[in-house]
Amino acid sequence: MSVDVLGPLLPVVPLVAALSGFVLPLRSKNAAALLGIAGATGALVVAILLAVRVDEPFETVVEWVQIGNLSVTAGVRIDSAAALVAVAVGVVALAVQVYSTAYLHDDDRYPPYAAQISLFTAAMLLVVVAGDLILLLVGWEIMGICSYLLIGHDRRLPEAPAAAVKAFLVTRVGDIGFLLGIVLLGVNAGSFWITQVLAALPGLPAATVTAAALLLLAGVAGKSAQFPLHTWLPDAMAGPTPISALIHAATMVAAGIYVVTRLYPVFVLGDPSLTVLGIMAVVTVLIGALAATAQDDIKRVLAWSTVSQIGYMAAALAVGAPAVALFHLLTHAAFKALLFLGAGSIIHEVGSNSMSAMGGLRRRMPATFWSMTIGLGALIGLPPLAGFWSKDAVLHAASSSSAGWLPDVVYGVGLAGVLVTAWYAGRLWLRTFFGAPRSPGASSAHEPSWPMTVPVVVLAVPSALLGLLAFADGFGSRLTPFVVDLPEVSLSHLGAETAAPLALLAVGLVLVWVLWRRDAARDPARFLGPLRSTFDNAFWLDNVQDRLVVRPVRALARRVSTADQRVVDGAVEGTGQGTADAGDVLAAWHRAGLPRAATALLAGVLLFAFAAALYGSAT
Amino acid sequence: MRPVIPYVVAALLFGAGVYGVLRRRNAVLVLMAVELMLNAVNLILVTADTTVRATLPHGGQVFALFVIVLAAAEVGVGLAIVLQLYRLRSSVAVDTVRLDAAPASELDEPRMVAHER
Amino acid sequence: MTGADVLLLALGAVAVGAGALVVTTDQLVRAGLYLVVCLGAIAGLYLVLTAELVAWVQVLIYVGAVVVLLLFAVMLTRAPIGRSPDLNRPGLPAALIGGGAGLGLAALFADAFRFTKVDLPGPGNAEAIGTELFRSWVLPFEVLSVLLLAALVGAIIVSRPDIGSKS
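Note on numbering: residues in each chain are counted from 1, in written sequence order. As they are written, the chains are lettered A onward and the ligands numbered 1 onward, keeping that order. pLDDT decides what is reported in this predicted model: residues at 70 or higher carry local features, side-chain atom pairs at 80 or more are listed and counted, and totals for whole chains, interfaces and linings draw on all residues regardless. Calculated side-chain values reflect all of the structure's heavy atoms, with hydrogen atoms and water omitted.

**Comments concerning a nonpolar patch on the surface**
Residue and element names in this part refer to chain C. What counts is decided by this rule: Patches draw on residues past 30% relative accessible area with no salt bridge. Two like charges within 9 Å are joined, as are two nonpolar side chains (Val, Leu, Ile, Met, Phe, Trp, Tyr) within 5 Å. Only the protein chains shown count as cover for residues, with accessible areas throughout obtained via the Shrake-Rupley method and a probe of 1.4 Å. Criterion for a salt bridge: a side-chain nitrogen of Lys or Arg within 4 Å of a carboxyl oxygen of Asp or Glu. For the purposes of this entry, the term helix denotes a DSSP run of H or I that reaches at least four residues, the term strand denotes a run of E that reaches at least two, and both are numbered from the N terminus. With a 1.4 Å probe rolled over the protein chains alone, any residue whose accessible area is under 20% of its type maximum counts as buried; one over 50% counts as exposed, and the rest are partly exposed.
Together, L149, L152, V153, I156, I157 and I163 make up a nonpolar patch on the protein surface, roughly 520 Å² of accessible area in all. With respect to the secondary-structure elements, L152 resides in helix α6 (residues 138-159). On the accessibility criterion, L152 (52% relative accessible area) is exposed.

Laid out in structure tokens, this is it:
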């Protein structure tokens, strides 16, 4: 098959699986599982074929609607970076589908769940391959609704619906900006076709490009959970664990970073936008990493680490290295999917999210233990695991950039982030796998069934080895979005400066080990002292958000609702009631007895006669 | 002859008739007031015969005759109605006559609600 | 002022006065009798205005038939002889409208004719009116006969409840 067919086929395969999955009856779990796995497998195969065959970027575009001189096109544009991201999406989606068959074995709404995962995958692939902004937006929005559906999947959890609504609303705030940015770009460029938009960019006024870039950034911040729109991501842990893996590793949060690389010239030309992104990124790295230190819920630790790692990607984008950002995105996809699925296995066995109820799982769940160890090592950047190379590339990009003060800040915060990451990852590792079991569930845990173990173990391979791709010939240029004229970045560079993050890494690990050693049964986070509750609550940003946004909006909504009931409804009802009352009065008036009727009649006649006489005498 | 005299007389009689129709409660007296109004009109018609030179002579008087005939018919029917009213209510006060009373066959049905929600 | 004017004034005064009494008296039978006086005076006015035939028809039909019919009605409805205290309604609207109509019309006529004098036309005796009636107004005359028949039938049906009722 030619790439012209394969490109559009990429999102279509899981979409077909999703649509046919939606019509399955609720009890046909096996068929749903098979369908979901088939969809993900198909997407993965297509993505791999594309990754192998695509050397030069290609586009397939059909014109869709012509509105005035604004043409809306539908088309795919695939370059090697897109193909590689698509492979990552396919791998994670397949792992999640396989894993879910066992993890949600007793779920009574499995077919829609599997179909929603397929739809989620399809939407993400649509974003990946979309050649024009409208298709991109379509995929973007479908992801929003899928995240809402999947986070709220487990209705028995009291916090799930609220978390789903929160995720939807918070990302929606950013999406409004995203939509406006797309419209601004499309209308000013006269086309929504990405190639034409990017070609038209130099001719546009600088203010327009800046506005569009900042508006797009709002959407990116929402989807990729960047400060200040990151608050939905930890709450999204109310969803099933495989969904967390899907959202955090391959879809949703990755979409924002990917779209920035896709439209990178917009941000380069829209001048302060990259600086804004950089500030958002460093704040996010710090908040995410520090908040992860104090969490007790194993999923929330991972969630905050995602926030922090996405911050690294955004930071790489801000210092002008989109290829590095994509590299980190790929490695992060591998190890974060692994970590979430592994955490899911542990939760499944222990029966609790809380790390206080775990401990000593190293011997009971060896496969999970070793896989998770590789994943955590990749997370903190332990050489030679995947995360080491990509994080090192980010730091190198920051230190070698000479664009003002921002790269220095990014570098400093990145180093600090390495220290904190090592600390909280080490804490998670020690609290979960070492020491004595702290609950009956932990002491009776054992390896789960193969559909849950195999994806975790399989994902350990790329988590360990993906970084070595940095040494492959031309990998950096493959990851560079073809629209950008950036100098070739080398993703692999071992030198003296590598020592700094490694030293901090070691410090972090040793620190947490020493603290843990004092009393293996207790949480090292207690040494955080008064900061612990601040970190645990993520700097109280939820409360700030509640005060600044939620309550005023609620109050306003109440006012508007009252006004609607009183004024608008009142006007409508009042008009009806008034008309009816006036009708009643007039009807009563018309129900006159004979005398009054005669009086009124004759008086009327008299009045007319007088009027006629006066009129006649006047003329 | 000054035609203004019978004209003014007719106008005043008509006014008296209107007053009577509105003032009187007894149906027979109302009929009498109506007769007054009819006669006022007749007087105007006859007087007009003297002031208006029409193509057909005595048109006003012919009309007056017609009106007299009509008045006879009216008073016949009117008195029949009055008597019927008296038979039904043993009273001839027009105050008690309701103009909006539904026919007897529709009285059992509920009245249509004017405004439905 | 000619003799005709004097007669008109006198008869008109009688007619208006009697008419006013018809609508103001509180004795039913007297109202009927005042009506006779009023109609008679109007018949006199007709005579002065040379409408002989109309005058006699007025006397025959109105004074003779209609008033008698009205008096019958008074009797049949068992109206009390003497004063009836409940004959009238509040008089203000009636006075306003009646006065407005009468005085307004009078003002209009007075304004239109002032004190112009006209000659009396030829006598409207039976011959002249009959010629006119059966030459120019035959069709309305015949239609009137249908109307009289209808009134007759209607009066009978209205006053006989056993006709037309279903049971």
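**A short note on the packing of helix α17 (residues 366-380) of chain A against helix α18 (residues 386-400) of chain A**
All names here are of chain A. What counts is decided by this rule: Angular values range over 0 to 180 degrees, each being the angle between N-to-C directions of two axes fitted as lines to C-alpha atoms, with helices fitted over their stretch in contact. Relative orientations are named as follows: roughly parallel for angles under 35 degrees, roughly antiparallel for angles over 145 degrees, roughly perpendicular for angles from 65 to 115 degrees, and oblique for any other angle. Only heavy atoms matter for contacts: two residues are in contact if any of them lie within 4.5 Å across the pair. Gly falls in the polar group here, along with every residue not listed as nonpolar (Ala, Val, Leu, Ile, Met, Phe, Trp, Tyr, Cys, Pro) or charged (Asp, Glu, Lys, Arg).
Between α17 and α18, the shortest axis-to-axis distance is 6 Å and the interhelical angle comes to 10°. By the angle class used here, α17 and α18 are roughly parallel. Along the contact surface, α17 presents A378, L379 and I380, while α18 presents A386, G387, F388 and K391. By residue class, the composition of the contact of α17 with α18 is five nonpolar, one polar and one charged.

**Quick word on the domain arrangement of chain A**
Spelled out, the test is: The domain limits used here are those given by an automatic or database domain assignment.
Each assigned domain of chain A is listed with its residue range as follows: domain 1 (271-529) and domain 2 (547-618). Taking the mean C-alpha position of each, domain 1 of chain A and domain 2 of chain A sit 71 Å from one another.

**Quick look at the packing of helix α14 (residues 298-318) of chain A against helix α15 (residues 322-350) of chain A**
Remark: α14 of chain A packs on α15 of chain A, axes separated minimally by 9 Å, with the N-to-C direction vectors making an angle of 175°. Classified by the angle their axes make, α14 of chain A and α15 of chain A are roughly antiparallel.

**Notes on unusual backbone geometry**
One can expect most non-glycine residues to show negative phi and most peptide bonds to be in trans. Non-glycine residue A225 of chain A carries a positive phi angle of around 55°. Assignment of secondary structure puts A225 of chain A in the loop between α8 (206-223) and α9 (232-235). Positive phi is not limited to glycine here, since R114 of chain C has a value of about 45°. Looking at where R114 of chain C falls in the secondary structure, it is placed in the loop between α4 (92-113) and α5 (126-136).

**A short note on the environment of L515 of chain A**
With respect to the helices and strands, the residue L515 of chain A is situated in helix α23 (residues 499-518). As a C-alpha pair, L515 of chain A and R526 of chain A span 11 residues in sequence and 9.4 Å in three-dimensional space.

**Section: the nonpolar core**
Rules: We define the nonpolar core as a collection of buried residues of types Ala, Val, Leu, Ile, Met, Phe, Trp, Tyr and Cys that are connected through side-chain atoms lying within 4.5 Å of one another.
One finds W232 and V266 of chain A to be the most contacted residues of the largest nonpolar core, which totals 205 residues. For this core, the element with the most residues is α15 of chain A, which contributes 19 residues. With residues near it in sequence (within four places) discarded, W232 of chain A still touches K166, A167, V170, T171, G222, K223, A225, I247, M252 and V253 of chain A. If you look at the next biggest cluster of nonpolar residues, it comprises 73 residues, including V4 of chain B together with V22, L71 and L133 of chain C.

**Details of the interface of chain C and chain B**
Where we set the bar: Using a 1.4 Å probe, buried area is obtained as the accessible area two parts lose upon being combined, added over both of them.
At the interface, 86 residues of chain C touch 71 residues of chain B. Summed over both sides, the interface of chain C with chain B buries roughly 7,100 Å², with 76% coming from carbon and sulfur. The largest contributions to the chain C side of the interface with chain B come from V23, Y62 and R89 of chain C, which together make up 10% of the buried area. Remark: the boundary between chain C and chain B carries one salt bridge. Its salt-bridge partner being D5 of chain C, residue R2 of chain B comes within 2.8 Å of it at the nearest N-O pair. Contributing elements (two or more residues each) for the side of chain C that touches chain B: α1 (3-24), α2 (28-48), α3 (52-76), α4, α5 and α6 of chain C. By residue class, the composition of the side of chain C that touches chain B is 60 nonpolar, 18 polar and eight charged.

**Things to note about the pairing of strand β2 (residues 70-78) of chain A**
Residues and elements named next belong to chain A. So the rule is basically this: Strand pairing is defined by DSSP finding a minimum of two bridges between the two strands.
Of all nine residues in β2, nine are buried, a share of seventy percent or more. A two-sided burial pattern is seen for β2, the buried positions comprising L70, V72, A74, V76 and I78 on one face and S71, T73, G75 and R77 on the other. Examined bridge by bridge, strand β1 (residues 58-67) and β2 share nine bridges and lie antiparallel to one another. Across the sheet, residue V61 finds its bridge partner in β2, namely G75.

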